[in-house]
Amino acid sequence: MARKPETQLLNAPEDVISAVKFSPKTNKFLLVSSWDTRVRLYDVVTNTVRLQFTNSSPVLDCAFLDSSKTATGGLDNLVKLYDLTAQAESMLGSHGAGVKCVEYTSLLNGILTGSWDRTVKLWDAREKECAGTYEQSNGKVYSMSCAEEKLVVATSERKVLIWDLRNMKSYVERRESSLKYQTRAVRCFPNVEGYVMSSIEGRVAVEYFDPSPEVQKKKFAFKCHRAKGNDIELIYPVNAISFHSVYNTFATGGSDGYVNIWDGFNKKRLCQFHLYDSSISSLCFSDDGSTLAIACSYMEEAEKPPEPYPEPTLYVRYVNEQETRPK
């Protein structure tokens, strides 16, 4: 029996889905954090919730350390560890304000958390202690991403800080965002050549780390997640970005309810999926690039929410070569 290209997961969160993350090296398990204060582990194959943990306040991000350990951060300012095998939670530490971003760094075998308290912290999960606190040059952390030794932190006031995880005494470079409006998401290219960032104003920028003028000439920004109606252009925030680890192509999700796949090196859109139920709030490709998790949640951009109010929904889409491979 042929597998359907897309499955809607049952028992979706009850409030905005803040993050979806596949377990390392498999497309079977999906970790989902939500404003409904819960973290759920889905078995995508059987379409069931395997585990769930409840927090005291909304959870803003989650990450896998390995197939059995995960970390979360949220509005209670806390960083928590979950052992999925033992079904046990433990406290790792805290920030001075909400924890917006959680990333695992394989290079340091540690957890990086970015907060609205204007710092990034590095945590040693085995010793359960903070291994370093790094000021983000007066900016609240909105999004961050790491690949090998590179850490890219997008902050308020449209600043981007580039760090080298091997030497965190100071950031390597501080850049102004090439997008005029507030940053929504930043993700590093898996090949560590650069990063992609998106803004609330329907634009995406492709940036390169190498400061040499000939490489910097290749950077560009493009418009997306826009619609024309009655001679008016509707412009939507681009909330989510996820990279295909094999092809270095990437998916973007917008408040227009669409997911697009792009070839950033050749400046081409490879495909667009069907219209989803509401804003795309998070995206995640599985490690092998075979599967894309898609979270839909109404993102409160309109003054008046639509009737009926869109319930959050979760999908996994089994993507094919045509959709993800550079042409």
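Procedures and definitions
- Residues numbered from 1 in each chain as written.
- Predicted model: local features only at pLDDT ≥ 70, side-chain atom pairs only at ≥ 80, totals over all residues.
- Heavy atoms only, no water.
- Core = buried A, V, L, I, M, F, W, Y, C linked by side-chain atoms within 4.5 Å.
- Buried < 20%, exposed > 50% of the residue type's maximum accessible area, 1.4 Å probe, protein only.
- Helix = DSSP H or I, 4+ residues; strand = E, 2+ residues; numbered from the N terminus.
- Contact = heavy atoms within 4.5 Å.
- 1 Å grid on protein atoms, 1.4 Å probe; cavity = no way out; pocket = protein on both sides within 12 Å on 5 of 7 lines; lining within 4 Å.
- Points joined across faces, edges and corners; volume = space filled by probe spheres on them.
- Nonpolar A, V, L, I, M, F, W, Y, C, P; charged D, E, K, R; others polar.
- Pairing = 2+ DSSP bridges.
- Axes fitted to C-alpha atoms, helices over the stretch in contact; angles between N-to-C directions.

### A look at the nonpolar core
Right, so step 1: In this structure, Val259, Phe273, Tyr276, Leu283, Leu292 and Ile294 are the most contacted members of the largest nonpolar core, which totals 16 residues.
Right, so step 2: Those elements that place two or more of their residues in this core are strand 26 (259–263), strand 27 (268–272), strand 28 (280–285) and strand 29 (291–296).
Right, so step 3: Leaving out residues up to four positions away in the same chain, Phe273 has contacts with Tyr258, Val259, Ile261, Leu292, Ile294, Arg317, Val319 and Glu323.
Right, so step 4: Grouped together as the second largest cluster of nonpolar side chains are 15 residues, Ala185, Cys224, Val238 and Phe250 included.

### A short note on the layout of surface pockets
Right, so step 1: In this structure, the second largest pocket encloses a volume near 230 Å³.
Right, so step 2: Residue lining of the second largest pocket: 15 residues in total, with Leu65, Lys69, Leu81, Ala125 and Arg126 positioned closest to the centre.
Right, so step 3: Contributions of two or more residues to the lining of the second largest pocket are made by strand 6 (59–66), strand 8 (78–83) and strand 9 (88–94).
Right, so step 4: Along the lines of polarity and charge, the residues of the lining of the second largest pocket split into six nonpolar, two polar and seven charged.

### Let's talk about the side chain of Thr155
Right, so step 1: For Thr155, the location among the structural elements is in strand 15 (residues 150–155).
Right, so step 2: For Thr155, a relative accessible area of 1% corresponds to the buried category.

### Points about the sheet that holds strand 12 (residues 119–124)
Right, so step 1: The strand order 10-11-12-13 describes an open sheet built from four strands, whose pairing is antiparallel. The two strands at the open ends of the sheet, each matched to only one other strand, are strand 10 (99–105) and strand 13 (129–135). Between one strand and the next, the sheet's axes are offset by a mean angle of 20°, whatever the strand orientation.
Right, so step 2: Of the pairings in the sheet, the one linking strand 10 to strand 11 (residues 110–115) comprises six bridges and is antiparallel in character.

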